[in-house]
Amino acid sequence: MGKLKNIPDNADALSLAPKTLLLTAAVVLGIVLGIAPWYAGKKQDPVIKPDFRLSHDLRDDYWGYRHTAHKVCEQYHSVFIGDSVIWGMYVDNAHTIPALLNQDLGGEKEFGNLAIDGLHPVAMETLIDCYGGAIRGKQVYLYWNPLWMNTPLYDLSGSKEFSINHPRLLPQFDWSIKSYRASLDDRAGAFLDRVLEYRAMLHHFRAAFLDNEDLKTRLAKHPAAEVWKRCRFSFAPGEKHKNANSRATWKQAGIPQQDWPFVKPDNSRQFRSFRAVIRKLQRRGNRVRVVLGTLNPHMQTPESLARYRKLRAEVAAELAGAGIEVIDLPELASEEYADASHPLAAGYRTLADFMLKQLTPSQDKKI
Amino acid sequence: MLFQSWSFLICFLPFAALYALLRRTRLRLPLLLAGSYAFYACWDFRSVFFLALITLGDYGFGRGIAAVPRAKKWFLGGSLLLNLGVLCSFKYLNFITENLLLLLEKCGVTPEVPEFDWLLPVGLSFFTFKSMSYTCDVYFGRLHAERDLLRYAAYVSFFPQLIAGPIERAGSLLPQLRHAMPLAGNDFAAGASIFLTGVFKKVVMADMLAAYVNPVYDAPAEFGGAALLCASYAFAWQIYFDFSGLSDMARGAARLLGFRTVLNFDNPYVAVDVRDFWRRWHISLSSWFRDYLYIPLGGSRRIRIRVWWNVLVTMLVSGLWHGAAWTFIVWGGLNGLGSIASSEFDRKAWYQKIPKPVKQLLVFNFITLTWVFFRAASFDDAFEVLRGIFTWRAGEFFFPAVPAALAAAVWLYQLVWASRRRPILAHPVARVAAFALALLAILVLGAGANTPFIYQQF
């Protein structure tokens, strides 16, 4: 049996003297503070082609986004910011709206694609604030997707628990978002990711090199050789979707008609953030044009459609009233929608054609 | 609220600062008590009732023993009944009824008995044993009964030790609660470094090894002998890192408040025999069983067969303390047999000639074998693991090189510490390098979900 006395205090755990602890802390702090800038300098740049978009695998890599935004803003005259509609869900790199516009303009690097799948306005506000500092003095096309205001749930103004995209970009200590019920640990972790560069960089490593797997788990679940073999030591390219450009329409997919209540702009949490994003971008010397997206009108009941059109009109009026230029996208034909908000390849083409008529690239180059 | 979580840090740091400010005032004990109860309520506020019940009960029994010495047996009996009653009701009732029903079924009787789906208050085994040790010490005259209920409540609920020990004796902690302990830079440095060593053990080592062990032990029939053997060794290290890490965090947090608490682990895997292992593993519990069970049974001052019996009973009860399952009882029994064999081998001349490293290796392998019963979900699983290992069943296998290398480095550190070469590790450069590496490992590998501790469930 055991004994309680006469056991050296530090037989099993390191117990340091104050000076030793301070020295160790200084060494560790030096490494932690130095590693991110060192790595950013050494890092392989993403290959920016005219049809460039962020890899879908890297949608949660905000540290990478900051780096990529810097490269994209260096090379493009204008940038698109938005969610999966701009990113180009269900189509390959060459068929996204910015890529189609670039092709139509002769393959130039005119319109950069800085959209991320699932980027709702509340997340966008944090993204632009913390990771979008490079977007300065640009012509910005900011996509507004009515989907984020179709129900209190998506609008984040409801009280029912809801797991929305990009939780790490939500305001972690804004208790008014009742549907976000993360633990204090998750909130503190997400907050620290923004404050401590090395933590955001670790997320980048996981997303870019480890298939979004935790390094600790990966080391234990795979042989050492396998860990190295499966690491990709460069940015994953924009992937080619399986069955890209050939997805079924919403009707073929059997999606039923919807009756959405929609949240008024004045009561909307998402629209509050959308306004904040515009202000933030403008303060950074950008010229902001809002691209008003559509929500599949064929998939809505007549009552829902009436509410939707009223909301769209209210948003357009408010933005116009605030002196923001608006590009009001047309509603597509039923067979051009894949679901509630995403067009099919033909729909992206239609939208790009419409936008091309609205744009004057030579003017856009100079703000 | 796990020690290694941000929420603990967010709450603990302001609390520690406030405690440091108020520790020379009358608010010291109420603050500590309120902090401890708030910490416990974070786990499950309903369990607070049982903590308060045990505290009030044993405080009363302690006062009773001091006030009416003639009736002290009754007061001690009351304390044991209260503590063991609460413990059995929550932890062992289903186990007892299940086994009774099985027995009755064999006799042809099948009565309808409802299953008790009661919530086991977290840390119950720890704070009941802590509180019981106080009444036993008062009964045996080792300790004066505590007059101040607030101080006694602060002792039982002392939050760094509330969830999973160490089971600190009242004789050690109550005096520290009586007066404000001096709090110097040394305490802060020692507390912070011990706490962070614990974090390293848990979030880097234990959690990494768990990622290898869990899939294998969750479905042992699907793995070959090599994987099962490797997972068994990995578990031996996982449980060490998990529990000793927790103990370090508890000691570190206590030290940051100025309290010096018991050391719960002393490099157990450098033990040279099984008795030595138990002098180094979960020291606060093994010493509890020594003082309150083994010695009252007669200890080692009896004929040899009686001493064997005392050891075996103590270890079987220790096994049962860990969990209400036969696998834990077998685990305890195997350790009891190992302890008896160790004491018998020690008398033989040939055993004395075996080199120390060989003995250490033999003990480590024996302990690893007993852990199979501790870790396996059932007897069937335990035997499946052993069958797979001893028949060397073919199956998919990979060697977790990185966790193994890290565990080997820690083992080497401990072996050197236990050897004559210890001064090498005491050199400031070695200490800074070791601690810096541990901190960097926490920063790089420590991110991710916080997993609960193994001993928390007991």
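Residues numbered from 1 in each chain as written. Chains lettered and ligands numbered in written order. Predicted model: local features only at pLDDT ≥ 70, side-chain atom pairs only at ≥ 80, totals over all residues.

Now for the overall build of chain A. Counting secondary structure elements, chain A contains 14 helices and five strands. When each of the 367 residues of chain A is scored for burial, the buried share is 43%. Here the contacts in chain A between residues at least 6 apart in sequence split such that 79% fall between residues at least 24 apart. (Helix = DSSP H or I, 4+ residues; strand = E, 2+ residues; numbered from the N terminus. Buried ≥ 20, exposed ≤ 12 C-beta atoms within 10 Å, placed from the backbone. Contact = placed C-beta atoms within 7 Å.)

The subject of this paragraph is the overall build of chain B. Check the secondary structure of chain B and you find 19 helices and zero strands. The buried share of chain B, taken over its 458 residues, is 46%. The contacts in chain B between residues at least 6 apart in sequence include a share of 75% that link residues at least 24 apart.

A separate point is the nonpolar core. Taken as a class, soluble globular proteins show a tendency for nonpolar side chains to be buried jointly. Ranked by internal contacts, the top residues of the largest apolar core, which has 132 residues, are Tyr155(B), Met205(B), Leu209(B), Val213(B) and Ala231(B). Sort the elements by how many residues they give to this core and helix H8 (residues 185-218) of chain B lands first, with 19 residues. Counting the residues that make up this core, at least three belong to each of domain 1 (25-179) and domain 2 (186-457) of chain B. Residues within four places of Ala231(B) in sequence aside, it is in contact with Tyr212(B), Val213(B), Val216(B) and Tyr217(B). The next biggest cluster of nonpolar side chains, apart from the first, holds 83 residues, and it includes Ile86(A), Ile97(A), Ala115(A) and Tyr180(A). (Core = buried A, V, L, I, M, F, W, Y, C linked by C-beta atoms within 7 Å. Domains from an automatic or database assignment.)

At 3.6 residues per turn, the α-helix brings residues three or four places apart onto the same side. Residue and element names in this part refer to chain B. The end-to-end C-alpha distance of helix H16 (residues 379-390), which contains 12 residues, comes to 16 Å, matching closely the 16 Å that a straight helix rising 1.5 Å per residue would cover. If you check which residues of H16 are buried, you get Ala382, Glu384, Val385, Gly388 and Ile389. Viewed end-on, H16 has its buried residues packed into an arc of 160°, placing them on one side of the element. Residues Asp380 and Phe390 are exposed on H16 and point more than 90 degrees away from its buried face. Those residues of H16 hidden inside the fold are in contact with helix H9 (225-256), helix H13 (326-345) and helix H15 (356-375). (Expected span 1.5 Å × (residues − 1). Arc of directions from axis to C-beta.)

This brings us to the interface of chain A and chain B. At the interface, 38 residues of chain A touch 54 residues of chain B. Those elements that place two or more of their residues in the side of chain A that touches chain B are helix H1 (18-42), helix H7 (184-195), helix H8 (197-209) and helix H9 (215-221) of chain A. It is H1(A) that provides the largest number of residues to the side of chain A that touches chain B, a total of nine residues. Here the residues of the side of chain A that touches chain B are counted per class, giving 24 nonpolar, six polar and eight charged. (Nonpolar A, V, L, I, M, F, W, Y, C, P; charged D, E, K, R; others polar.)

All names here are of chain A. Spatially, E2-E1-E3-E4-E5 is the arrangement adopted by the five strands of the open sheet, whose pairing is parallel. Lying at the two open borders of the sheet, with one neighbouring strand each, are strand E2 (111-113) and strand E5 (325-328). Pairwise comparison of adjacent strand axes, ignoring direction, gives a mean angle of 25° for this sheet. (Pairing = 2+ DSSP bridges. Axes fitted to C-alpha atoms, helices over the stretch in contact; angles between N-to-C directions.)

This part takes up the packing of H1(A) against H8(A). Residues and elements named next belong to chain A. Interaxial distance between H1 and H8 falls to 9 Å at its minimum, and their mutual angle equals 50°. By the angle between their axes, H1 is oblique relative to H8. In the packing of H1 onto H8, the handedness of the crossing is left-handed. Of H8, the residues touching H1 (which contributes Val32, Ile35, Ala36 and Tyr39) are Glu197, Tyr198 and Met201. Classifying every residue of the contact of H1 with H8 by side-chain character gives six nonpolar, no polar and one charged. (Parallel < 35°, antiparallel > 145°, perpendicular 65-115°, else oblique. Left-handed = near helix turned anticlockwise from the far one by under 90°.)

Below, the discussion takes up the domain arrangement of chain B. All names here are of chain B. Each assigned domain of chain B is listed here: domain 1 (25-179) and domain 2 (186-457). Taking only C-alpha atoms, the centre of domain 1 and the centre of domain 2 are 26 Å apart. Across the boundary between the two partners, domain 1 contributes 19 residues, which contact 19 residues of domain 2. When its residues are assigned to classes, the side of domain 1 that touches domain 2 shows 10 nonpolar, seven polar and two charged.

As a further point, take the confidence of the model for chain B. Residue and element names in this part refer to chain B. Summing up the model confidence of chain B, the mean pLDDT is 88 and the portion of residues at 70 or higher is 98%. The least confident element of chain B, judged by mean pLDDT, is helix H18 (residues 422-426) at 81; the most confident is helix H6 (residues 149-156) at 95. In the model output, the complex is listed with pTM 0.84 alongside ipTM 0.76. (pLDDT = per-residue confidence, 0-100.)

Side chains on a regular strand alternate between the two faces of the sheet. Residue and element names in this part refer to chain A. One ladder, built from four bridges, connects strand E4 (residues 287-292) with E5; its direction is parallel. Considered in E5, the bridge of Val290 is made with Val326. Each parallel crossover has a hand, and the one from E4 via helix H12 (residues 302-321) to E5 is right-handed. (Right-handed = clockwise from strand over helix to strand, strands pointing away.)

Residue and element names in this part refer to chain B. If you trace the backbone, Ser342 turns up in helix H13. Note on Ser342: 22 C-beta atoms within 10 Å, which makes it buried. Residues Ser342 and Val363, spaced 21 residues apart in sequence, show a C-alpha to C-alpha distance of 9.5 Å. Apart from residues no more than four positions distant in its own chain, Ser342 is found in contact with Asp273, Val274 and Arg275.

In this section: the confidence of the model for chain A. Across chain A, pLDDT averages 85, with 87% of residues at or above 70. Counted against residues more than four places away or in other chains, residues 233-237 of chain A, with its pLDDT under 50, gives 11 contacts.

Time to look at H7(A). For H7(A), which comprises 12 residues, the first-to-last C-alpha distance of 16 Å matches the rise-based estimate of 16 Å (1.5 Å per residue) to within 8%. If you check which residues of H7(A) are buried, you get Arg187(A), Gly189(A) and Asp193(A). Around the axis of H7(A), the buried residues are gathered within 165° of arc, so they sit on the same side. On its buried side, H7(A) packs onto H8 of chain A together with helix H1 (6-22) of chain B.

Residues and elements named next belong to chain A. Of note in the backbone geometry, Tyr90 takes a positive phi value of approximately 75° without being a glycine. Note on placement: Tyr90 falls in the loop between helix H3 (84-87) and helix H4 (97-104). On the basis of neighbour counts, which here come to 21 C-beta atoms within 10 Å, the residue Tyr90 falls in the buried class.

This brings us to the pairing of strand E1 (residues 78-81) of chain A. Residues and elements named next belong to chain A. Here E1 shows two buried faces, one formed by Ser78 and Phe80 and the other by Val79 and Ile81. Judged from the three bridges that link them, E1 and E2 form a sheet pairing that is parallel. Looking at E2, one finds that Val79 is bridged to Gly112. Sheet topology note: the E1/strand E3 (residues 139-144) ladder contains four bridges and is parallel. Across the sheet, residue Ser78 finds its bridge partner in E3, namely Gln139.

When two helices pack together, you describe them by how their axes are tilted relative to each other and by the distance separating the axes. Residues and elements named next belong to chain B. It is the contact of helix H4 (residues 72-106) with helix H5 (residues 124-139), at a shortest axis distance of 10 Å, that shows an interaxial angle of 170°. Regarding the angle of H4 to H5, the classification is roughly antiparallel. In this structure, H4 contributes Lys72, Leu76, Ser79, Leu80, Asn83, Val86, Leu87, Phe90 and Lys91 to the contact, and H5 contributes Leu124, Ser125, Thr128, Ser131, Met132, Thr135 and Tyr139.

Now for the environment of Leu80(B). Residue placement: Leu80(B) occurs in helix H4. Sequence separation between Leu80(B) and Asp58(B) is 22 residues; the distance between their C-alpha atoms is 9.1 Å.

Here Asn365(B) is to be found in helix H15. Each C-alpha atom, one on Asn365(B) and one on Tyr269(B), is 9.7 Å from the other, the two residues being 96 residues apart in sequence.

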